[in-house]
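# Overview (structure and organization)
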Amino acid sequence: MKRRTTARCTAVAEAQAAAAEAGPAEAAGGSAAEAPSEAACASDGLLPVAERFVSLNGEGPRAGKRAAFVRFRGCNLACSYCDTRWACDPACPVAWESIDGLASFVAAQEAELVTLTGGEPMLQPALAPLVERLAGLSRVRFVEIETNGAVDVGPIVRLRADLARRPEGVRVGLTMDWKLPSSGMERHMVRGNIALLGVDDTVKFVIGDEADLRRAAEAVRAFDLTSRCNVYFSPVFGAVDPADIARFVVDGRLDGVTLQVQLHKILWPGQEKGV
Ligand code: SF4
């Protein structure tokens, strides 16, 4: 029984990989109904992909750079301002994709930068083997993982230390949210993650109001974040005037903090998917 289910999962994944060039929407919509149980697919090492596409990175130190994106379904948080709620919905249609299938997609794009996002990508049991596989692709130079700060990043940090010793020299960076009061999710932060961050990592504070700004500044100072990693303050789009954050950073002498607005919200206003 298990072997039959595994074969079906694999067949579904292979069919989706073959349909990669038809686009992620078609792959997700066309195969999900045929798939065996999701638990069986997950235990078969497949990953629930809500969408995959090529665009420009919207945030962090690599904002504006071309990247191949893979967005996974599911999140363990429910932030007040979430702009990818559709991908967090357990009912979101997905393509169950194999690691090889995703590697084929990235290789076909000839992308140097890969961004793994969600939802919350760290919830995927197969994330580390996927990162390792992507790091073995000849064109890939950097794998970025966007994470919400509410999942232990230790396994990925240990993997990247291993990858850094390999001749390919591929770097792995975390862009980690620091949830502030207006998100409603602050209590879920895994504080142990902070000590694991390094120069290729970013802490992103999404600012929803003035109380968030004050809390963010406290955290930057208390954990000396700017000497540990990149630090960005980013307004909840449409909720906070970026000029207010700019003034706060200047007046507060928050050297090392970078103000950033979400590039894709400016370039492609109102577009939720594929950007
Ligand atoms: S962590 Fe990110 S994806 Fe999850 S609910 Fe919050 S904003 Fe949305």
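Residues numbered from 1 in each chain as written. Predicted model: local features only at pLDDT ≥ 70, side-chain atom pairs only at ≥ 80, totals over all residues.

What follows deals with the pairing of strand S7 (residues 202–207). Looking along a regular strand, one sees side chains alternate from face to face of the sheet. Where burial is concerned, most of S7 is hidden: six out of the six residues are buried. Of the two faces of S7, the one holding Thr202, Lys204 and Val206 and the one holding Val203, Phe205 and Ile207 are both buried throughout. With four bridges joining them, strand S6 (residues 171–178) and S7 adopt parallel strand pairing. From the neighbouring strand, Trp178 faces S7, where its bridge partner is Phe205. (Buried ≥ 20, exposed ≤ 12 C-beta atoms within 10 Å, placed from the backbone. Helix = DSSP H or I, 4+ residues; strand = E, 2+ residues; numbered from the N terminus. Pairing = 2+ DSSP bridges.)

Turning our attention to the sheet that holds strand S8 (residues 230–235). The strand order S3-S1-S2-S4-S5-S6-S7-S8-S9 describes an open sheet built from nine strands, whose pairing is mixed. The sheet is open, and its two edges are formed by strand S3 (95–97) and strand S9 (257–259), each paired on a single side. On average, each strand axis in the sheet is inclined to that of its neighbour by 30°, with strand direction left out of account. In terms of strand pairing, S8 meets S9 through three bridges, oriented parallel. Counted as the bridge partner of Tyr232 is Thr258 from S9. Those strands touched by helix H6 (residues 127–135) are strand S1 (47–56), strand S4 (113–117), strand S5 (142–147) and S6, and its axis lies near 155° from that of S5. Packing against the sheet, helix H8 (residues 210–222) makes contact with S6, S7, S8 and S9, and its axis sits at approximately 160° to S7. (Axes fitted to C-alpha atoms, helices over the stretch in contact; angles between N-to-C directions. Contact = placed C-beta atoms within 7 Å.)

This paragraph deals with the site of the ligand. The local shell around the ligand consists of Cys75, Leu77, Ala78, Cys79, Cys82, Thr84, Cys88, Gly118, Gly119, Glu120 and Asn148. In terms of residue class, the shell around the ligand is built from six nonpolar, four polar and one charged. (Near = placed C-beta within 6 Å. Nonpolar A, V, L, I, M, F, W, Y, C, P; charged D, E, K, R; others polar.)

In this structure, the amide linkage connecting Gly118 to the following residue, Gly119, adopts the cis form with an omega of 10°. Mapped onto the fold, Gly119 is located in the loop between S4 and H6. Despite not being glycine, Arg253 shows a phi value in the positive range, around 55°. Overall, the presence of 8 C-beta atoms within 10 Å leaves Arg253 in the exposed class.

So, on to the nonpolar core. Counting 64 residues, the largest nonpolar core has Val106, Val114, Leu134, Val140, Val143 and Ile207 as its most contacted members. When near neighbours in sequence (up to four residues on either side) are disregarded, Val106 contacts Ala68, Ala111, Val114, Leu134, Leu137 and Val140. (Core = buried A, V, L, I, M, F, W, Y, C linked by C-beta atoms within 7 Å.)

On to the confidence of the model for the chain. For the chain, per-residue confidence averages 89 on the pLDDT scale, and 87% of positions sit at 70 or higher. Note on residues 1–7: pLDDT under 50 across the span, and three contacts to partners over four residues away in sequence or across chains. Every residue in residues 20–33 is under pLDDT 50, and counting partners more than four places away or in other chains gives 28 contacts. (pLDDT = per-residue confidence, 0-100.)

With that settled, the discussion passes to the environment of Arg187. Inspection of the secondary structure assignment puts Arg187 in the loop between S6 and S7. Taking the C-beta count within 10 Å as the criterion, Arg187 has 8 such neighbours and is therefore assigned exposed. Separated by 37 residues in sequence, Arg187 and Ala150 place their C-alpha atoms 9.0 Å apart.

Let's shift gears to the packing of H6 against helix H7 (residues 154–164). Relative orientation of the contacting elements H6 and H7 amounts to 25°, with a least axis distance of 10 Å. One element, H6, and the other, H7, form an angle in the roughly parallel class. Crossing geometry of H6 relative to H7 is assigned as right-handed. Facing H6, whose interface residues are Ala128, Val131, Glu132 and Ala135, H7 presents Pro155, Ile156, Leu159 and Leu163. When grouped by side-chain class, the residues that make up the contact of H6 with H7 number seven nonpolar, no polar and one charged. (Parallel < 35°, antiparallel > 145°, perpendicular 65-115°, else oblique. Left-handed = near helix turned anticlockwise from the far one by under 90°.)

Attention shifts here to the packing of helix H5 (residues 99–109) against H6. At a minimum axis separation of 10 Å, H5 and H6 run at an interaxial angle of 40°. The two elements H5 and H6 meet at a crossing, and its hand is right-handed. Each of Ile99, Leu102, Ala103 and Val106 in H5 lies in contact with H6, whose residues at this interface are Pro129, Leu130, Arg133 and Leu134. A breakdown of the residues in the contact of H5 with H6 according to their chemical character gives seven nonpolar, no polar and one charged.

Another point: the environment of Leu263. With respect to the secondary-structure elements, Leu263 resides in helix H10 (residues 263–267). Measuring from C-alpha to C-alpha, the distance between Leu263 and Asn57 comes to 7.9 Å, with 206 residues separating the pair along the chain. Setting aside anything within four residues of it in sequence, one finds Leu263 in contact with Leu56, Gly58, Ala63 and Gly64.

Taken together, the buried positions of H5 are Gly101, Leu102, Phe105 and Val106. The buried residues of H5 occupy an angular sector of 135° when the element is viewed end-on, so they sit on one face. (Arc of directions from axis to C-beta.)

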